[in-house]
Amino acid sequence: METKYFVARAFRYKESGSWEYKIVGMYDDLTTAKQAFHSNMGSIIKASNDIAMCIIYDSYGNLIQSDFDTTYVEPAPEPEPEEEQ
(Lines give C-alpha, C1' and ligand atoms only; values in the text may rest on other atoms or scores of the structure.)
Protein backbone atom coordinates (compact mmCIF):
# COMPACT_ATOMS: atom_id res chain seq x y z
CA MET A 1 0.00 0.00 0.00
CA GLU A 2 1.36 3.40 -0.91
CA THR A 3 1.76 5.99 1.83
CA LYS A 4 -0.49 9.06 1.82
CA TYR A 5 0.19 12.21 3.84
CA PHE A 6 -2.47 14.32 5.52
CA VAL A 7 -2.16 17.92 6.72
CA ALA A 8 -4.46 19.21 9.45
CA ARG A 9 -4.66 22.57 11.16
CA ALA A 10 -6.46 24.11 14.12
CA PHE A 11 -6.54 27.52 15.70
CA ARG A 12 -8.38 29.38 18.42
CA TYR A 13 -9.94 32.80 17.94
CA LYS A 14 -8.58 35.06 20.65
CA GLU A 15 -11.76 37.09 21.15
CA SER A 16 -14.37 34.33 21.31
CA GLY A 17 -12.21 31.40 22.44
CA SER A 18 -13.81 29.19 19.78
CA TRP A 19 -11.76 26.76 17.72
CA GLU A 20 -11.65 26.14 13.99
CA TYR A 21 -10.10 22.91 12.70
CA LYS A 22 -9.77 21.20 9.35
CA ILE A 23 -7.96 18.46 7.48
CA VAL A 24 -6.45 20.57 4.74
CA GLY A 25 -5.67 17.82 2.26
CA MET A 26 -4.22 14.47 1.33
CA TYR A 27 -0.92 14.30 -0.56
CA ASP A 28 0.97 11.57 -2.42
CA ASP A 29 4.43 12.77 -1.39
CA LEU A 30 5.98 14.30 1.69
CA THR A 31 7.46 17.30 -0.14
CA THR A 32 4.02 18.51 -1.25
CA ALA A 33 2.57 17.83 2.21
CA LYS A 34 5.35 19.92 3.79
CA GLN A 35 4.61 22.79 1.41
CA ALA A 36 0.94 22.69 2.47
CA PHE A 37 1.99 22.43 6.13
CA HIS A 38 4.15 25.58 5.98
CA SER A 39 1.61 27.51 3.94
CA ASN A 40 -1.20 26.69 6.36
CA MET A 41 0.84 27.35 9.47
CA GLY A 42 1.84 30.74 8.08
CA SER A 43 -1.75 31.65 7.29
CA ILE A 44 -3.16 30.92 10.77
CA ILE A 45 -0.53 32.70 12.88
CA LYS A 46 -2.16 36.12 13.16
CA ALA A 47 -3.28 38.59 15.79
CA SER A 48 -6.91 37.40 15.76
CA ASN A 49 -5.79 33.88 16.79
CA ASP A 50 -4.01 33.21 20.06
CA ILE A 51 -3.21 29.53 19.46
CA ALA A 52 -2.32 27.87 16.15
CA MET A 53 -1.20 24.33 15.34
CA CYS A 54 -0.57 22.28 12.23
CA ILE A 55 0.41 18.62 11.76
CA ILE A 56 1.38 16.16 9.06
CA TYR A 57 0.54 12.51 9.62
CA ASP A 58 0.68 9.53 7.30
CA SER A 59 -1.84 6.86 6.33
CA TYR A 60 -0.36 4.59 9.01
CA GLY A 61 -1.15 7.08 11.78
CA ASN A 62 2.44 8.24 12.27
CA LEU A 63 3.01 11.88 13.22
CA ILE A 64 5.51 13.21 10.68
CA GLN A 65 5.74 16.88 11.66
CA SER A 66 3.95 19.28 13.98
CA ASP A 67 4.16 22.89 15.02
CA PHE A 68 2.39 24.88 17.73
CA ASP A 69 2.43 28.66 18.06
CA THR A 70 1.26 31.00 20.80
CA THR A 71 2.79 34.23 19.47
CA TYR A 72 -0.36 36.20 20.19
CA VAL A 73 -1.17 34.83 23.63
CA GLU A 74 -1.16 37.70 26.07
CA PRO A 75 1.16 37.07 29.01
CA ALA A 76 -0.38 36.60 32.42
CA PRO A 77 -0.19 39.73 34.57
CA GLU A 78 2.60 39.88 37.09
CA PRO A 79 1.38 39.25 40.64
CA GLU A 80 1.54 42.30 42.83
CA PRO A 81 4.20 42.05 45.54
CA GLU A 82 2.95 41.53 49.05
CA GLU A 83 3.37 44.48 51.35
CA GLU A 84 5.70 43.96 54.29
CA GLN A 85 4.24 44.73 57.69
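Preceding block: the structure.
What you see is a predicted model; the values in this text were computed from it and never measured.

(A) Structural context of the sheet that holds strand β4 (residues 63-69). Spatially, the four strands line up as an open sheet ordered β2-β1-β3-β4, and their pairing is antiparallel. Edge positions in the sheet fall to β2 (19-27) and β4, since each of these pairs with one other strand and no more. Strand-to-strand twist of the sheet, defined as the mean angle between neighbouring strand axes without regard to direction, takes the value 10°. Sheet topology note: the strand β1 (residues 5-13)/β2 ladder contains eight bridges and is antiparallel. Along β2, the bridge assignment pairs Val 7 with Gly 25. Here helix α1 (residues 30-44) sits on the sheet and contacts β1, β2, β3 (49-58) and β4; the angle it forms with β3, its principal contact strand, is near 170°.

(B) The arrangement of the pairing of β1 in detail. Counting buried positions over the nine residues of β1 gives seven, a clear majority of the element. In this structure, the hairpin formed by β1 and β2 is closed by a connection of five residues, where Gly 17 is found at a positive phi of approximately 80°.

(C) View of the side chain of Asp 58. If you trace the backbone, Asp 58 turns up in strand β3. We note that Asp 58 is buried and unpaired, the nearest opposite charge coming from Lys 34 at a distance of 12 Å. Of note is the side chain of Asp 58, whose polar atom sits 2.9 Å from the backbone nitrogen of Tyr 60. Here Asp 58 is in contact with Thr 3, Lys 4, Tyr 5, Phe 6 and Ile 64, once residues within four sequence places are set aside.

The rules behind the values
Residues numbered from 1 in each chain as written. Predicted model: local features only at pLDDT ≥ 70, side-chain atom pairs only at ≥ 80, totals over all residues. Heavy atoms only, no water. Pairing = 2+ DSSP bridges. Helix = DSSP H or I, 4+ residues; strand = E, 2+ residues; numbered from the N terminus. Axes fitted to C-alpha atoms, helices over the stretch in contact; angles between N-to-C directions. Contact = heavy atoms within 4.5 Å. Buried < 20%, exposed > 50% of the residue type's maximum accessible area, 1.4 Å probe, protein only. Lys, Arg positive; Asp, Glu negative; His and termini not counted. Salt bridge = Lys/Arg side-chain N within 4 Å of Asp/Glu carboxyl O. Polar contact = N/O pair within 3.5 Å; in protein donor to acceptor, adjacent residues only side chain to side chain.

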